[in-house]
Amino acid sequence: MTAVADIMDYDEVVERFDPVLGLEVHVELNTRTKMFCGCANVFGAEPNTQVCPVCLGLPGALPVVNAKAVESAIRIGLALNCEVAEWCRFARKNYFYPDMPKNFQTSQYDEPIVFDGYLDVELEDGEVFRVGIERAHMEEDTGKSLHVGGETGRIHGAEHSLLDYNRAGVPLIEIVTKPITGAGARAPEVARAYVKALRELLLALGVSDVRMEQGSLRCDANVSLMPKGSSEFGTRTETKNVNSLRSVERAVRYEMQRHAAVLAEGGTILQETRHFDESTGTTSPGRRKETSEDYRYFPEPDLVPIAPSREWVEELRKTLPEMPWERRKRVQQEWQLSNEELRDLVNAGALDLVAETVDAGAAPGEARSWWVSYLAQQANNRGVELGELSITPKQVARVIELVAQGKLTNKLARQVVDGVLAGEGEPDEVVEARGLEVVSDDSALQKAVDEALAAQPDVAEKIRGGKVQAAGAIVGAVMKATKGKADAKRVRELVLAACGQ
Ligand SMILES: [Zn+2]
């Protein structure tokens with residue numbers, strides 16, 4: 001039997017069951033040094049060059065808490081609307097793991113630094129779903145094992161394994177949701193939206209570089225099902241280290257379908273960890289899940305408790321930035337955008353660029369129009385992101401200003417933008433070098449109008465006779481003669497005046 005046959009059709013799953021999710025996100029903090037020692041916290045260094053007796057767990061080495069990591073933990077908690085503990089401790093979580101040199105992880109157990117909050121996440125259609133936050137606690141990362149000789153890079157089939165302890169002791173915050181119920185068919189989407197919002201929040205706080213692909217943000221997705229009408233949680237599985245937003249959604253969806261197939265046949269779900277396979281979109285069993293008793297937690301004797309003063313917490317609250325979604329709401333109001341317009345702007349990755357263009361003096365409507373149409377098209381043609389185009393919001397604002405001053409037509413403005421994108425310099429330099437400024441000198445225009453009328457006497461006659469629509473042909477001829485650099489409206493006025501209209 002193949003894995004695919006072992007799952008239930010998704011529509012049937014959500015007709016018969018209610019999903020319950022629990023999401024655990026590990027975030028590596030971007031502190032300069034590790035959680036309990038002075039080793040550098042950097043990604044990608046030569047293996048085992050960022051280590052010392054403390055993070056190698058050598059006998060007698062004593063840890064010291066990184067104050068900056070505590071500060072980041074509190075700021076994350078405040079941004080997640082959490083309470084901040086008045087007093088909390090670290091705990092030892094005991095388990096044997098080759099990439100954990102101490103054979104225990106210094107973590108927090110029943111005394112997390114922050115707890116009981118929520119995050120409101122926006123789904124694709126604009127609906128807001130509130131995800132409860134159980135807790136966020138501080139801990140340290142493990143080292144990394146590198147399995148050599150096998151085809152998959154997994155331990156199975158490997159000839160030997162290498163250990164890199166550079167990551168051992170890197171500060172981690174683990175953020176744990178309360179059970180997420182009531183999402184129904186949208187549970188996979190809620191999971192994705194939650195991780196996405198959390199990622200945005202952490203980025204805005206500046207506490208982590210949140211690169212899922214490098215593992216600085218990792219998501220474990222717990223899934224269980226309840227038969228419709230029941231409120232008793234089923235047995236859950238935990239899909240570990242899902243490393244992209246899309247995979248979070250796919251992994252939750254797959255596990256819902258797999259659980260449903262097992263339960264519908266009268267089977268039982270094993271409480272276990274699972275691996276998500278990106279290529280097949282399926283999960284496979286990992287280890288049987290330990291319960292917390294298996295870890296024999298006890299208070300860490302080498303570290304003093306943490307008791308953040310209320311004054312400090314309030315100071316930190318003042319450092320919270322405007323949250324990305326608050327900013328979107330504000331901008332939407334200020335720029336008077338519909339939900340759809342805002343969504344297009346966000347999806348195009350244009351929000352910041354437009355905001356900076358507005359800050360540089362452009363009207364929001366003009367700024368938006370440039371970024372989501374002409375510039376989006378240019379980015380698309382070049383196969384790059386909008387933000388990677390070699391034009392700055394300030395330069396776009398200057399082009400918009402030149403149009404507003406009547407020095408450029410929209411058509412000429414696009415040529416100026418082309419010049420800037422081609423590396424020809426500032427907008428004003430491109431105007432100068434390419435000779436793009438609108439011909440606003442009436443005597444020059446008058447000469448071109450007279451010539452065009454003389455060249456098409458029959459048309460001129462019609463206009464004189466009152467057929468003002470015929471003026472279009474003369475205007476076109478003048479625009480051609482001035483290579484598009486005339487203001488068409490002004491030309492039309494001159495043509496009509498010359499014909500006594
Ligand atoms: Zn160290």
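Residues numbered from 1 in each chain as written. Predicted model: local features only at pLDDT ≥ 70, side-chain atom pairs only at ≥ 80, totals over all residues. Heavy atoms only, no water.

Caption draft 1: Layout of the coordination of the zinc ion. The zinc ion binds to the protein through Cys-37 (SG), Cys-39 (SG), Cys-52 (SG) and Cys-55 (SG); the donor distances cover 2.3 to 2.4 Å. Expressed as a motif, the donor residue spacing for the zinc ion is C-x1-C-x12-C-x2-C. As far as the burial class goes, Cys-52 and Cys-55 line up, both buried. (Donors = N, O, S within 2.8 Å, 3.2 Å for Na, K, Ca; no water. Buried < 20%, exposed > 50% of the residue type's maximum accessible area, 1.4 Å probe, protein only.)

Caption draft 2: Expanded view of the layout of surface pockets. Taken as a whole, the second largest pocket holds about 1,300 Å³ of empty space. Along the walls of the second largest pocket sit 40 residues, with Glu-122, Lys-196, Glu-200, Arg-328 and Val-346 positioned nearest its centre. Looking at the lining of the second largest pocket, the elements that each hand over two or more residues are helix H2 (67–79), strand E5 (114–122), helix H3 (187–205), helix H6 (324–335), helix H7 (339–347) and helix H8 (351–359). With 7 residues, H6 is the single largest residue contributor to the lining of the second largest pocket. Per-class residue counts for the lining of the second largest pocket are 18 nonpolar, 6 polar and 16 charged. When residues of the lining of the second largest pocket are assigned to domains, at least three fall in each of domain 1 (10–305) and domain 2 (323–412). (1 Å grid on protein atoms, 1.4 Å probe; cavity = no way out; pocket = protein on both sides within 12 Å on 5 of 7 lines; lining within 4 Å. Points joined across faces, edges and corners; volume = space filled by probe spheres on them. Helix = DSSP H or I, 4+ residues; strand = E, 2+ residues; numbered from the N terminus. Nonpolar A, V, L, I, M, F, W, Y, C, P; charged D, E, K, R; others polar. Domains from an automatic or database assignment.)

Caption draft 3: Geometry of the UniProt feature "domain: Asn/Gln amidotransferase" (unreviewed entry) in the chain. Residues given the UniProt feature "domain: Asn/Gln amidotransferase" (unreviewed entry) here are residues 352–499. Secondary structure content for residues 352–499 is 70% helix and 0% strand, while the C-alpha to C-alpha distance between its ends is 50 Å. (UniProt positions renumbered as here; feature names shortened; annotations may be inferred.)

Caption draft 4: Here's a closer look at empty space enclosed by the protein. Under the criterion given, the structure shown has 2 cavities of 30 Å³ or more. Empty space within the largest cavity amounts to approximately 70 Å³. Taken together, 13 residues form the lining of the largest cavity, with Lys-102, Glu-140, Asp-141, Ala-168 and Gly-169 sitting closest to its centre. Tallied by class, the residues present in the lining of the largest cavity amount to 6 nonpolar, 4 polar and 3 charged. When its volume is computed, the second largest cavity comes out at roughly 40 Å³. Residue lining of the second largest cavity: Phe-36, Cys-37, Val-54, Cys-55, Lys-102, Glu-140 and Gly-169, and that is the complete set. Partitioned by chemical class, the residues of the lining of the second largest cavity number 4 nonpolar, 1 polar and 2 charged.

Caption draft 5: How the structure looks around the pairing of strand E12 (residues 272–277). Here strand E11 (residues 237–242) runs beside E12; their pairing, made up of 3 bridges, is parallel. Bridging from a neighbouring strand, Lys-240 pairs with His-275 of E12. Of the crossover connections in this fold, the one passing from E11 over helix H4 (residues 245–264) to the parallel E12 is left-handed. Bridging between E12 and strand E13 (residues 282–288) involves 5 bridges; their strand directions are antiparallel. Across the sheet, the residue bridging to Phe-276 is Thr-283, located in E13. (Pairing = 2+ DSSP bridges. Right-handed = clockwise from strand over helix to strand, strands pointing away.)

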